[in-house]
Amino acid sequence: MFTAPLVRPAFLRDVPAITAIYNHAVVHTTASYDLEPVTEASRLAWFEARQADGWPVWVAEQGGQVVGWATFGPFRAKPGYRFTAEHSVYVAPDAQGQGAGRLLMTTLIAEARQRGLHSLIGGVDAENTSSLAFHARLGFVPVAHFRQVGRKFDRWLDLVFVQLLL
Ligand SMILES: CC(C)(COP(=O)(O)OP(=O)(O)OC[C@H]1O[C@@H](n2cnc3c(N)ncnc32)[C@H](O)[C@@H]1OP(=O)(O)O)[C@@H](O)C(=O)NCCC(=O)NCCS
């Protein structure tokens, strides 16, 4: 039976699921330019830093399982960039195509607007046509294409920045 996904703020106890979903993308795809799986301890430190700095993390749940997560944080460090944030969104392969990603992003966009942010940016590997199509459905527009700035799986990777003006 199909259960609709729901989105809620992430808790410390969600870190193992967040780590597993992220590591699947690290090992099998160019969605992340990390080369090796991250440890749960490093994700825990990342989560605590996000909380300490006041940046949100959400999870999507489906049938009682965490099936995805999303966050946004600083785009670049200098204070002139304070109205721009960079986001990440990951959904477990089995749960993709069922609306969890859209729900995570609409939550994220609403929160960004509420905080008075002006612009959201995502860095998407140019080969990741699913993510490019997904972001286009949510109103993001490609604004920059960096050639061969990444290297993974023995090949050069192009990075596309997609942007939503809020
Ligand atoms: C990209 C990703 C987050 C999308 O999440 P998802 O839960 O599968 O997406 P949804 O089911 O919510 O789809 C939302 C919309 O995007 C569209 N979309 C999603 N995947 C698509 C694809 N592969 N091709 C075309 N459109 C797609 C859907 O048709 C849907 O459109 P609509 O709601 O306007 O009808 C997910 O596939 C994922 O985690 N991929 C691996 C990690 C990754 O690439 N993360 C992004 C890094 S930048």
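This structure is a prediction, so every number in the text was calculated from the model and none was measured. (Residues numbered from 1 in each chain as written. Predicted model: local features only at pLDDT ≥ 70, side-chain atom pairs only at ≥ 80, totals over all residues. Heavy atoms only, no water.)

**Some points on the nonpolar core**
Okay, so step 1: Ranked by internal contacts, the top residues of the largest apolar core, which has 23 residues, are Phe 72, Leu 104, Met 105, Leu 108, Leu 120 and Phe 140.
Okay, so step 2: Of all the elements, helix H3 (residues 100-114) adds the most residues to this core, at six residues.
Okay, so step 3: Val 15, Val 59, Tyr 90 and Ala 92 belong to the second-largest nonpolar core, a separate cluster that totals 16 residues. (Core = buried A, V, L, I, M, F, W, Y, C linked by side-chain atoms within 4.5 Å. Buried < 20%, exposed > 50% of the residue type's maximum accessible area, 1.4 Å probe, protein only. Helix = DSSP H or I, 4+ residues; strand = E, 2+ residues; numbered from the N terminus.)

**Focus: the pairing of strand E5 (residues 119-125)**
Look at any regular strand and the pattern is simple: side chains alternate between the two faces of the sheet.
Okay, so step 1: Of all seven residues that make up E5, six are buried, and the element is covered over most of its length.
Okay, so step 2: Across three bridges, strand E4 (residues 84-91) lies against E5 in parallel orientation. Residue pairing for E5: Ala 85 is matched across the bridge by Leu 120.
Okay, so step 3: As paired strands, E5 and strand E7 (residues 155-165) are joined by seven bridges and run antiparallel to one another. By the bridge assignment for E7, Asp 125 is matched with Leu 159. (Pairing = 2+ DSSP bridges.)

**Quick notes on the pairing of strand E3 (residues 65-74)**
Okay, so step 1: Buried residues dominate E3, accounting for eight of its 10 residues.
Okay, so step 2: Across six bridges, strand E2 (residues 57-62) lies against E3 in antiparallel orientation. Among the inter-strand pairings, Glu 61 is bridged to a residue of E3, identified as Val 66.
Okay, so step 3: Once E2 ends, the chain turns through two residues before running back antiparallel as E3, passing Gly 63 with a positive phi of about 55°.

**Overview of the UniProt feature "domain: N-acetyltransferase" (unreviewed entry) in the chain**
Okay, so step 1: Within this structure's numbering, the places UniProt gives as "domain: N-acetyltransferase" (unreviewed entry) are residues 5-166.
Okay, so step 2: What you have in residues 5-166 is 31% helix and 36% strand, and the ends, taken at the C-alpha atoms, are 25 Å apart. (UniProt positions renumbered as here; feature names shortened; annotations may be inferred.)

**A word on the packing of aromatic side chains**
Okay, so step 1: Summed over all chains, the structure comprises nine aromatic pairs.
Okay, so step 2: Here Trp 55 and Phe 72 contribute two aromatic rings whose centre-to-centre distance is 5.9 Å and whose plane-to-plane angle is 75°, an arrangement assigned as edge-to-face. Separated by 17 residues along the polypeptide, Trp 55 in the loop between helix H2 (40-52) and E2 and Phe 72 in strand E3 bring together distant segments of the chain.
Okay, so step 3: In this structure an aromatic cluster arises from ring pairing among Tyr 22, Trp 46, Trp 69 and Tyr 90.
Okay, so step 4: Geometry around Tyr 22 places Arg 43 over its ring, the cationic atom sitting 4.5 Å from the centre.
Okay, so step 5: Directly above the ring of Trp 156 sits Arg 151, whose terminal nitrogen or CZ lies 4.6 Å from the centroid. (Phe/Tyr/Trp six-rings, centres within 6.5 Å; stacked < 30°, edge-to-face > 60°. Lys NZ or Arg CZ within 6 Å of the ring centre and 35° of its normal.)

**A closer look at the site of the ligand**
Okay, so step 1: Around the ligand lies a shell of 19 residues, among which Val 91, Gly 97, Gly 101, Arg 102 and Asn 128 are the nearest.
Okay, so step 2: In the model, an oxygen atom of the ligand is placed 2.8 Å from a nitrogen or oxygen of the Gly 97 main chain.
Okay, so step 3: The contact in question runs from an oxygen atom of the ligand to an N or O atom on the backbone of Gly 101, over 2.8 Å.
Okay, so step 4: Protein contact buries 75% of the 920 Å² of open area that the ligand shows by itself. (Near = heavy atom within 4 Å. Polar contact = N/O pair within 3.5 Å; in protein donor to acceptor, adjacent residues only side chain to side chain. Areas by Shrake-Rupley, 256 points an atom, 1.4 Å probe, with all protein chains shown as cover.)

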